[in-house]
Amino acid sequence: MEIIGTIKDMHDLSRALMSQDKTIGFVPTMGALHDGHLSLVRRSKAENDATVVSIFVNPTQFGPNEDFLRYPREVEKDVDKLSAQGVDTIFIPVEREMYPEGFSASINIGKIGEILCGASRPGHFNGVAAVVAKLFNIVMPDRAYFGQKDFQQTVIINKLVKDLNFSVDIVVCPTIRESDGLAMSSRNSYLNSGERKAAVILFKALKLGEELIVSDGIVNAVLIKEEMRKLIHSEPLAAIDYVEIVTANLKEVEKIKLPVAICLAVKIGKTRLIDNLIIDPNNADICSL
Ligand code: AMP
C-alpha cells in the first residue's frame with residue numbers, strides 16, 4: 001500500500017494506471033473511518049483494478065461555527081484499517097496544496113444545495129462540490145463511491161458530474177448501521193452515552209415514516225412528517241432541524257408517490273446527525289433514477 005501526499009505524485013500514479021488500462025475506483029473521505037467507509041472501499045475493490053482512498057478534512061465545507069477544528073482526525077488508525085482492507089493507495093493531501101494562497105475558484109451548485117442540509121449549512125454543498133471536483137481532477141477515477149447516508153450529497157455529486165461533464169461513474173452504496181439502527185458516522189464519537197442511546201430516535205422516526213407509507217398506505221406527506229416529528233419530540237435530548245419527504249431530485253412531496261426519500265436532520269445535544277430511508281417498492285436505486 002502506498003501513501004501519497006502530493007497532487008503531482010497522485011497524477012503520476014493515475015496516469016501510470018491508465019496507461020496500463022487499469023480501472024481506478026475512488027473513495028473520498030474525511031477520515032475517522034468506520035465500517036460505512038470500509039463498505040465503500042470493499043465495493044470499489046470488487047469493481048476496479050486499483051482503489052484510491054482520500055483522507056482530507058475539507059475546510060471549505062464547514063461553516064464558521066461548525067466543527068472543523070474538533071472534527072476527529074485519526075490518520076494512523078485509518079491507515080491501519082485501509083491496509084487491512086488491501087487498499088492500493090491512500091491519498092492524504094495537505095491543505096496548503098489543495099488551497100494555496102490566492103486560490104479563488106468556486107462552484108455554485110445551485111438551489112439543490114440550499115435546501116434540506118443546505119438551509120442550515122449555507123455554502124456547505126458548494127464546498128463539497130468544489131473539493132470533489134478537485135479530487136476527481138487529481139485522482140481521475142473511473143468510478144467514485146459515495147454513501148446513501150448522505151443522500152443529498154449523492155444527488156449533488158451526480159448533478160456536478162452531469163453539469164461539468166466529469167468522466168466518472170458515481171456508485172451509491174447502502175447506509176451501514178449500528179445494531180440498533182443508528183447510521184454509522186464519524187460524528188457519533190461526539191455523543192456521550194446518554195446521547196448515544198437517544199440518537200436511535202432518528203432511525204425510529206424513519207421506520208415510523210416507512211411504516212405509515214408502506215403498511216398503512218398513508219399518502220399525505222404532511223401527516224406522516226407530523227407523526228415523525230411527534231416521535232422525535234418524545235426524546236428530550238433531540239431537537240429537529242428538518243424532517244422531509246422528497247423525490248429523487250429532492251423535490252418536496254405532498255402526496256406520496258413512490259419512490260420517495262424520507263430525510264431528516266436532528267440535533268442530539270450539540271451534535272447534528274442526519275439520516276434517510278429510500279422507500280421504493282421496486283428496490284431500484286433512487287439515486288440513479
Ligand atoms: P465522510 O468521511 O463523512 O465525508 O464520508 C465519506 C463517504 O462515506 C461519503 O460518501 C459518505 O456518504 C460515506 N458514509 C459515511 N457514513 C456512511 C455509512 N454509515 N454508510 C455508508 N456510507 C457512509
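Small disclaimer: the values here were computed from a predicted structure and weren't measured. (Residues numbered from 1 in each chain as written. Predicted model: local features only at pLDDT ≥ 70, side-chain atom pairs only at ≥ 80, totals over all residues. Heavy atoms only, no water.)

Draft legend 1. Structural context of the site of the ligand. Inspection of the region around the ligand gives 17 residues, with Met 30, His 37, Asp 150, Ile 176 and Met 184 positioned closest. Backbone polar atom of Met 30 to an oxygen atom of the ligand: 2.9 Å apart, as the coordinates give it. Ile 176 is positioned such that a nitrogen or oxygen atom in its backbone is 2.9 Å from a nitrogen atom of the ligand. Expressed as a share of its isolated accessible area of 480 Å², the protein-covered part of the ligand is 92%. For the shell around the ligand, the elements supplying multiple residues, two or more each, are β2 (24-29), α2 (35-47) and β5 (143-147). Looking at side-chain class alone, the shell around the ligand contains eight nonpolar, seven polar and two charged residues. (Near = heavy atom within 4 Å. Polar contact = N/O pair within 3.5 Å; in protein donor to acceptor, adjacent residues only side chain to side chain. Areas by Shrake-Rupley, 256 points an atom, 1.4 Å probe, with all protein chains shown as cover. Helix = DSSP H or I, 4+ residues; strand = E, 2+ residues; numbered from the N terminus. Nonpolar A, V, L, I, M, F, W, Y, C, P; charged D, E, K, R; others polar.)

Draft legend 2. Summary view of the environment of Gly 31. Mapped onto the elements of the fold, Gly 31 is located in the loop between β2 and α2. Along the backbone, Gly 31 and Val 79 are 48 residues apart, and their C-alpha atoms lie at a distance of 9.4 Å. Ignoring anything within four residues of it in the chain, the contact list for Gly 31 reads His 37, Ile 55, Asp 78 and Ser 186. (Contact = heavy atoms within 4.5 Å.)

Draft legend 3. Quick look at the side chain of Gln 153. With respect to the element layout, Gln 153 can be found in helix α7 (residues 151-163). Sequence-distant contacts of Gln 153, defined by excluding residues within four places in its chain, comprise Phe 125, Val 128 and Phe 146.

Draft legend 4. Region of interest: the sheet that holds strand β6 (residues 169-173). Taken in spatial order, the six strands of this open sheet run β1-β4-β3-β2-β5-β6, and their pairing is parallel. Each having just a single partner strand, β1 (2-4) and β6 make up the two edges of the open sheet. Taking the axes of each pair of neighbouring strands and ignoring which way they run, one obtains an average angle of 25 degrees across the sheet. Judged from the six bridges that link them, β2 and strand β3 (residues 50-55) form a sheet pairing that is parallel. Its bridge partner being in β3, Val 27 is matched across the sheet by Val 53. Those strands touched by helix α6 (residues 124-139) are β2, β3, β4 (89-91), β5 and β6, and its axis lies near 150 degrees from that of β2. (Pairing = 2+ DSSP bridges. Axes fitted to C-alpha atoms, helices over the stretch in contact; angles between N-to-C directions.)

Draft legend 5. How the structure looks around the pattern of salt bridges. A full pass over the atoms with the stated rule returns 15 salt bridges. Note that Asp 67 and Arg 187 form a salt bridge whose closest N and O atoms lie 2.8 Å from each other. Residue Asp 67 is located in the loop between β3 and α3 (75-84), and its partner Arg 187 is located in the loop between β6 and α8 (193-198); the two are separated by 120 residues in the primary sequence. Across this residue pair, the class does not change: Asp 67 and Arg 187 are buried. Where Arg 229 meets Glu 226, a salt bridge forms, and the shortest distance between an N and an O atom there is 3.7 Å. On the criterion of helical spacing, the pair formed by Arg 229 and Glu 226 is a turn pair, its members being three residues apart in helix α10 (residues 221-233). Overlapping salt bridges bring together Lys 225, Glu 244 and Glu 252 as one network. (Salt bridge = Lys/Arg side-chain N within 4 Å of Asp/Glu carboxyl O. Buried < 20%, exposed > 50% of the residue type's maximum accessible area, 1.4 Å probe, protein only.)

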